[in-house]
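Listed here are the chains, written in short residue letters.
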Amino acid sequence: MNRIKGEDRKLLIRRLESVLQVGLFTILYYLMWLLCYQDVTFPYLGRGKYVLMGIYAVMVSILFHYSDGFNYGHSKLSDITVSQCISIFLVNFVTYWQLSLISNVMIAVIPMLVLTVIDALICVSCCFIYNNVYHKYHTPRDMVMIYGTESALELEEKMAMRGDKYQISEIISVEEGFEKICEKIKKHQAVLLNDVPAQIRNDILKFCYTNAIRLYTTPKLSDIIISGAEKITTFDTPLVLIKGTGLTFEQRILKRTMDVVLCSIAMIVAAPIMLIVAAAIKLEDRGPVFFKQERVTIDGKRFDILKFRSMIVDAEKFGEVIPATDKDPRITKVGNLIRAIRIDELPQIINILKGEMSIVGPRPERVEHVEKYQAAIPEFVYRTKVKGGLTGYAQIYGKYNTTPYDKLKLDLSYIENYSLWLDIKLMLLTLKILFKPESTEGVDSNQTTAMK
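What you see is a predicted model; the values in this text were computed from it and never measured. (Residues numbered from 1 in each chain as written. Predicted model: local features only at pLDDT ≥ 70, side-chain atom pairs only at ≥ 80, totals over all residues. Heavy atoms only, no water.)

Counting secondary structure elements, the chain contains 15 helices and 10 strands. Relative to the globule expectation of 22 Å for 452 residues, the C-alpha radius of gyration of the chain, 25 Å, shows essentially globular dimensions. Overall size of the chain, expressed as C-alpha extent along the three principal axes, is 75 × 60 × 50 Å. Scored against the burial criterion, the 452 residues of the chain give a buried share of 42%. The long-range fraction of contacts in the chain, counting pairs at least 24 apart against all pairs at least 6 apart in sequence, stands at 72%. Taken as a whole, the chain presents about 25100 Å² of accessible surface, with 62% of it coming from carbon and sulfur. Averaging the positions of the 55 positive and the 49 negative side-chain charges in the chain gives two centres separated by 4 Å. (Helix = DSSP H or I, 4+ residues; strand = E, 2+ residues; numbered from the N terminus. Rg over C-alpha atoms; globule rule 2.2 N^0.38 Å. Buried < 20%, exposed > 50% of the residue type's maximum accessible area, 1.4 Å probe, protein only. Contact = heavy atoms within 4.5 Å. Areas by Shrake-Rupley, 256 points an atom, 1.4 Å probe, with all protein chains shown as cover. Lys, Arg positive; Asp, Glu negative; His and termini not counted. Charge placed at Lys NZ, Arg CZ, Asp CG, Glu CD.)

Taken together, the side chains of Phe89, Phe93, Val94, Trp97 and Met106 make up a nonpolar region of the molecular surface, amounting to roughly 530 Å² of accessible area. Within the secondary structure, methionine 106 sits in the loop between α3 (77-103) and α4 (110-137). (Patch = residues over 30% accessible without salt bridge, like charges linked within 9 Å, V, L, I, M, F, W, Y side chains within 5 Å. Salt bridge = Lys/Arg side-chain N within 4 Å of Asp/Glu carboxyl O.)

Fine structural detail should not be taken from predicted coordinates in areas where pLDDT scores are low. Per-residue confidence for the chain averages 87 on the pLDDT scale, and 90% of its residues sit at or above 70. In this model residues 439-452 is a low-confidence stretch, pLDDT under 50, and it forms 33 contacts with partners more than four residues away in sequence or in other chains. (pLDDT = per-residue confidence, 0-100.)

Side chains carrying opposite charge are able to pair once their charged atoms draw close together. In the structure shown here, the tally under the stated rule is 16 salt bridges. Lysine 425 is the salt-bridge partner of aspartate 68, the closest N and O atoms lying 3.5 Å from each other. Here aspartate 68, found in the loop between α2 (48-66) and α3, pairs with lysine 425, found in helix α15 (residues 420-433); they are 357 residues apart in sequence, far enough to count as distant. Assessed through its relative accessible area of 12%, aspartate 68 is described here as buried. Of the charged contacts in the structure, one is a salt bridge between glutamate 345 and lysine 307, with a shortest N-O distance of 3.8 Å. Taken as a pair, glutamate 345 in the loop between α10 (333-340) and α11 (348-353) and lysine 307 in strand β8 (residues 302-308) lie far apart in primary sequence, 38 residues in all.

With that out of the way, let us pick up the nonpolar core. Judged by nonpolar contacts, the single largest core of 32 residues is most densely connected at Phe308, Ile338, Leu346, Tyr414 and Leu426. Among the elements of the structure, α9 (249-285), β8, α10, α11, β9 (358-360), α13 (393-397), α14 (404-416) and α15 are those that each provide at least two residues to this core. Of all the elements, α9 adds the most residues to this core, at 7 residues. Once residues within four sequence positions are removed from consideration, phenylalanine 308 is found in contact with Met274, Val277, Ala278, Ile281, Val289, Phe290, Phe291, Ile338, Ile343, Asp344, Leu346 and Pro347. Residues Val22, Phe25, Leu52 and Tyr130 belong to the second largest nonpolar core, which totals 29 residues. (Core = buried A, V, L, I, M, F, W, Y, C linked by side-chain atoms within 4.5 Å.)

Pasting the structure below:
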């Protein structure tokens, strides 16, 4: 009961922090409107101003929620701060056009820019304060890790990087037997299961559930597939329906519509940038503007993915076909720049408009990589139940050294739990990673691919 009360207290504190922050943003917006814009939006001097404030608060809450901006303590401080700053910028950008539409004239932009800067400072301050509050009331639980194979021990190294949340003090193999494992579990506050055989995994899960012991487990592919199953309650025996067909017809239509609308808008905005980049690439060495590479998408279909060429012509002939590093001598001067500001993949908007890709989905792999991965992991083909995407779960939550099997789990989680809101959330999270350096965390110096 004390454990439950502790969880309730932390949840209550988190909710109060969120409400306080959203309320502060909304009050500042109202003051800015009162001082700078009320003359041009005079119909809203009455109760209408509360409607404007309500809309503003809702937009802030939704974008913060879907960009993980409220994950105080759970995510890294830098991640939460970047998420909040991007979200508040988007909210104020939309609000500026909203007020201009109401006023039937382009209103002054300076007050909104000043508000955005103040909001960003509040984001930094609140994230810092709230993170400290979280860590003051939260101490890492003492955990025992139960593993099935030696490769499962790699998870301990990953969790050690977040020592503020997880503390694995003991490791035990399933070969020790269920009775001995239960004795060990009683001495710890939480349990971590990784790559454990199904039968003993179920027994441990039930034991922890019965005794209200917190349990973490890495999902198996079957768990992920079941997570997206349709629940049927026609009978007094619950059923779940697994269709295995990827997205429904309605979902495909909705997703394609969103791809076309957003990429059409993005193409208009990005066209000047793309023309400048294309000219710079052409002027540097007279080579082709685009780099084309055959990739695999839905149902195993192949297509040529487009990127701005960032390396010398025929770069792959001058060495092994390996992922380029930042100091690769084959990268051109223009290539270094467009890689640094993350615009080398802008031409994939064309792939999306052509219907070869989607904005969100499993990253389309090279043909030779797919063949190698499927030989080792036959289930890797599950990723092709939907179109390949410009961004996705594996791009947002994975790292360079994320193994193909873990990438498969991430991508399958997306496929089985697809929704329009999930796509929107992943787009917002993608904006966040654009402001972060690419993670090569844990990459061995001799490692050339994610396959080990």
